[in-house]
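# Secondary and tertiary structure notes
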Amino acid sequence: MKTQEVVNDLKRRFPNEPEYLQAVTEVLESIEDVYNEHPEFEKANLIERLCISDRIFTFRVTWVDDKGKVNVNMGYRIQHSNAIGPYKGGIRYHSSVNLSILKFLAFEQTFKNALTTLPMGGGKGGSDFSPKGKSNAEVMRFCQAFILELWKHIGADTDVPAGDIGVGGREVAYMFGMYKKLQGEFTGVLTGKGIEFGGSLIRPEATGYGNIYFLLEMLKTKGISIKGKKCLVSGSGNVAQYTCDKLIELGAIPVSLSDSDGYIYDPEGITREKLNYVMELKNIERGRIREYAEKYGCKYVAGGRVWAEKGDIALPSATQNEIHGDDAKHLVETGCIAVSEGANMPSTPEAIEVFQKARILYAPGKAANAGGVATSGLEMTQNSIRLSWTSEEVDAKLQQIMKNIHEQCVKYGTQKDGYIDYVKGANVAGFMKVAKAIMAQGVL
Ligand code: NDP
Ligand code: 2IT
């Protein structure tokens, strides 16, 4: 297999899908050597079978807004691979959602889920519907209309969706309620459910906490403490909030947050009290991060990205391709020692190259943010055994899983000079597990 040949072929077949091609290229470049050591993989055409999703559902979602207007959005679910378990992955509601973005996410999810050590395949879904500015009733009607189409394709043992951008506890609950009504069964079909109806403790916190647990493992390889480190965090949603929460608990100093309108920079640090305000602002009032700057009198940059500031550690937690090559150069030049990705594919290939050339600690999302889906896996386990574990139990399992993912990265990614290439480590470890499962199950 030659990466460039495969990518050229995929480019010809999917010319308008840059994010998908970006994610595939990165994985193929990482695995090229190990793949070529296994001629049986090539014989089984494993590459095409891994890059092309099992199936993709595309549908129209029709819903009525508060003014009585009938609206139409696109709906999608990508069932990428169920080689190692039921399809599993979040649902994204954002105006930018298209097939390319969901295909990249479903592809990445497959390897990420393999890394968690839990039996979950890869999938992703979503819509170009934007919950921003919509009333609760509108969001509910949209979620119900979305599930009215999707319910026949999902199930606790077939495909288990969860949250992602624009889909949090509120949306999961509406979708779960509609699924339950249509199916006539109370099952663990979605994860990220409310605690009263089958959700897991620590699932809301899991992605942000997991990212910091992974970061701690990386820092440990260099004997560096997180205490007192200034941390640039982007986004201000679920992942960003619980990233800040854990940083504060550990004595680090989160100094920034952002949303799609701009960013705030608070050199004094985002304290627990300020974070509580952000949670209220974003999760209940559904306001803009600009309001933080107005309340606490700090800097707000409309349209800017937090990477223009200076920090010891960068924790991108908003969206794909939010760190460009120039941002990466600026971060490295101003003393950033570690980048750990809460978001999926937030660094462009140019940015990754800058981080790795500078030999700083750099963890790709599929390793560092796997704590979210891992805890979804733990929610599925609790649903299956009809029990609920305590926060301490779930948190301990999450910490163990993040440690284990770090170990897999070290095993497969350590270079001759001792530098740990976490991109290679994560991609090779995830790939080998999925590849072995596909090979064992025959040509399907
Ligand atoms: P939320 O919807 O809770 O928050 C997303 C945040 O990112 C918001 O502040 C949003 O701003 C900002 N954002 C979204 N899109 C853009 C954009 N195009 N440009 C600039 N800012 C943007 O989502 P999550 O916190 O759940 O997700 C954040 C990232 O983490 C995503 O990449 C997601 O795929 C990834 N992730 C999430 C997991 C989870 O468990 N939730 C698990 C693993 C990864 P605004 O409000 O203005 O839209
Ligand atoms: O990108 C991700 O891993 C998620 N959005 C979480 C998926 C899940 O099934 O919990």
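Residues numbered from 1 in each chain as written. Chains lettered and ligands numbered in written order. Predicted model: local features only at pLDDT ≥ 70, side-chain atom pairs only at ≥ 80, totals over all residues. Heavy atoms only, no water.

The next thing to look at is the site of ligand 1. Not every one of the 25 residues close to ligand 1 is listed here, only the nearest: Asp164, Thr207, Ser260, Arg288 and Asn344. Here arginine 203 contributes a side-chain N or O atom positioned 2.9 Å from an oxygen atom of ligand 1. Contact with the protein chains hides 84% of the accessible area of ligand 1, taken as 890 Å² for the molecule alone. Looking at the shell around ligand 1, the elements that each hand over two or more residues are α8 (203-220), α9 (238-249) and β8 (256-259). Partitioned by chemical class, the residues of the shell around ligand 1 number 4 nonpolar, 14 polar and 7 charged. (Near = heavy atom within 4 Å. Polar contact = N/O pair within 3.5 Å; in protein donor to acceptor, adjacent residues only side chain to side chain. Areas by Shrake-Rupley, 256 points an atom, 1.4 Å probe, with all protein chains shown as cover. Helix = DSSP H or I, 4+ residues; strand = E, 2+ residues; numbered from the N terminus. Nonpolar A, V, L, I, M, F, W, Y, C, P; charged D, E, K, R; others polar.)

Evaluation of the coordinates by the stated rule reveals 25 salt bridges. The partner of aspartate 9 in a salt bridge is arginine 12, and the shortest N-O contact between them spans 2.6 Å. With aspartate 9 and arginine 12 both in helix α1 (residues 3-13), this residue pair falls 3 residues apart, about one helical turn. Look at aspartate 9 and you get partly exposed, because its relative accessible area is 26%. Connected via shared salt-bridge partners are Asp9, Arg12, Arg13 and Glu48. (Salt bridge = Lys/Arg side-chain N within 4 Å of Asp/Glu carboxyl O. Buried < 20%, exposed > 50% of the residue type's maximum accessible area, 1.4 Å probe, protein only.)

Read from one edge to the other, the open sheet built from 3 strands follows the order β8-β9-β10, with strand pairing classed as antiparallel. Each edge of the open sheet is held by one strand with a lone partner, namely β8 and β10 (299-302). Across the sheet, the mean angle separating the axes of adjacent strands is 15° when strand polarity is ignored. Note that β8 and strand β9 (residues 262-265) share 4 bridges and pair antiparallel. Across the sheet, serine 256 pairs through a bridge with tyrosine 265, a residue of β9. (Pairing = 2+ DSSP bridges. Axes fitted to C-alpha atoms, helices over the stretch in contact; angles between N-to-C directions.)

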